[in-house]
Amino acid sequence: LDSELLGLNAATAQQLTEQVDIVIHSAASIGLEADVQSTLHCNYLGTQRLLQLAARMTRLRCFLHVSTAYVNMNVDKGTTVDEVLYPLKVGKQLSCYSDIVDDLMSTEPEVANVRAQMYMDMWGFPNTYTMGKNLTEKLVAAAHRGGLPTAIVRPSLVCGLAGSPYPGYCGNLAGPVGMGVAMAVGLFDKLESVAMVPTHVWDAVPGDVVSSVILAAAAATAAGVAINEYAGEVPESAEAPLIVHAGTSTTYPISMVEAAYSSEFCAGMCRSWRCGHNEPVQRRQASTCGRAACRTAGSCGSSVGCFTYGLL
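Note that the coordinates shown come from a computational prediction; the quantities given were computed from them, not determined experimentally. (Residues numbered from 1 in each chain as written. Predicted model: local features only at pLDDT ≥ 70, side-chain atom pairs only at ≥ 80, totals over all residues. Heavy atoms only, no water.)

Thoughts on the state of the cysteines
Next up, step 1: Evaluated as defined, the whole model comprises 0 disulfides.
Next up, step 2: For Cys 170, which is in no disulfide, the shortest distance to another cysteine sulfur is to Cys 159 and amounts to 8.7 Å. (Disulfide = S-S within 2.5 Å.)

Focus: the environment of Arg 59
Next up, step 1: Note that Arg 59 resides in the loop between helix 2 (36–55) and strand 2 (62–66).
Next up, step 2: Overall, the relative accessible area of 46% leaves Arg 59 in the partly exposed class.
Next up, step 3: Residues Arg 59 and Val 20, spaced 39 residues apart in sequence, show a C-alpha to C-alpha distance of 6.3 Å.
Next up, step 4: For Arg 59, the residues in contact, after removing those within four places along its chain, are Glu 18, Gln 19, Val 20 and Asp 21. (Helix = DSSP H or I, 4+ residues; strand = E, 2+ residues; numbered from the N terminus. Buried < 20%, exposed > 50% of the residue type's maximum accessible area, 1.4 Å probe, protein only. Contact = heavy atoms within 4.5 Å.)

A closer look at the sheet that holds strand 5 (residues 150–155)
Next up, step 1: Spatially, the 4 strands line up as an open sheet ordered 1-2-5-8, and their pairing is parallel. At either end of the open sheet lies a strand with only one pairing partner, and these are strand 1 (22–25) and strand 8 (242–246). Here the average twist between neighbouring strands, direction ignored, is 15 degrees.
Next up, step 2: The pairing of strand 5 with strand 8 spans 5 bridges and is classified as parallel. Looking at strand 8, one finds that Pro 155 is bridged to Ala 246. (Pairing = 2+ DSSP bridges. Axes fitted to C-alpha atoms, helices over the stretch in contact; angles between N-to-C directions.)

Considering the pattern of salt bridges
Next up, step 1: Here the structure, examined in full by the defined rule, presents 2 salt bridges.
Next up, step 2: One salt bridge in this structure joins Glu 137 and Arg 154, with 2.7 Å as the shortest N-O distance. Of this pair, Glu 137 sits in helix 5 (residues 128–145) while Arg 154 sits in strand 5, placing them 17 residues apart in sequence.
Next up, step 3: What makes Arg 154 buried here is its relative accessible area of 1%. (Salt bridge = Lys/Arg side-chain N within 4 Å of Asp/Glu carboxyl O.)

Rendered as structure tokens:
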């Protein structure tokens, strides 16, 4: 995304412009506190380059941009965030997203970080990531008004899968997965170990649910289906791309304290413990497995070794 040609040679770029009809753009830098120019290079300018490539695609039916549910963290506390674009203003004056990006990218990195902090303080963004994603959504919306069929999906904290290959499966420790593992192994042994109010909702959503939302939004856009329940209340949204939230806080909310107790439960409070030879052992006992040959600390004398582990 940082490359001017997106790392593509001329032949590959030509092939894409002739054959691709749906683009799902989910690549991004997720460093919350990254230098603002680093964030904008990848998330804003990278999206801009991909939009330019998509504009050349003769068969394009949908350009779907994966944003974040926290793109509007600057709204007032307690606000219901709708599936619309919220303008950035200075007083009553509407701010131009491209002018802000030009301002931040046209100066030295140290100066840019100072200016970015000024913008974040003025609008209420907690970090450069959420502000950069907000500006990028406005870029995508501008492309939509220019005739490019676009859609935006805003997932919350993406975690393990709900379905196949099995519930809870995850391929990495990013986001809530890593946090859940940290709780389960005891790194967060107290609620105050986490920089979050225990009763606040931890909006985690399974990765396969997010994938389904993305595919559905792309299909609706490609089919030209208009799904805009806000057009009557927010007239300007009629010209905006389809925006869909993918989260759980309004349907299956779970607080930090509930997540902590769940992690402790899964870590072994009610487990059936067995050794590596599938012999039952006393809970949290790692010395014997009941065999006559079993000796110390997870060894039962077998040539393939013996260890103790838990099964839910």
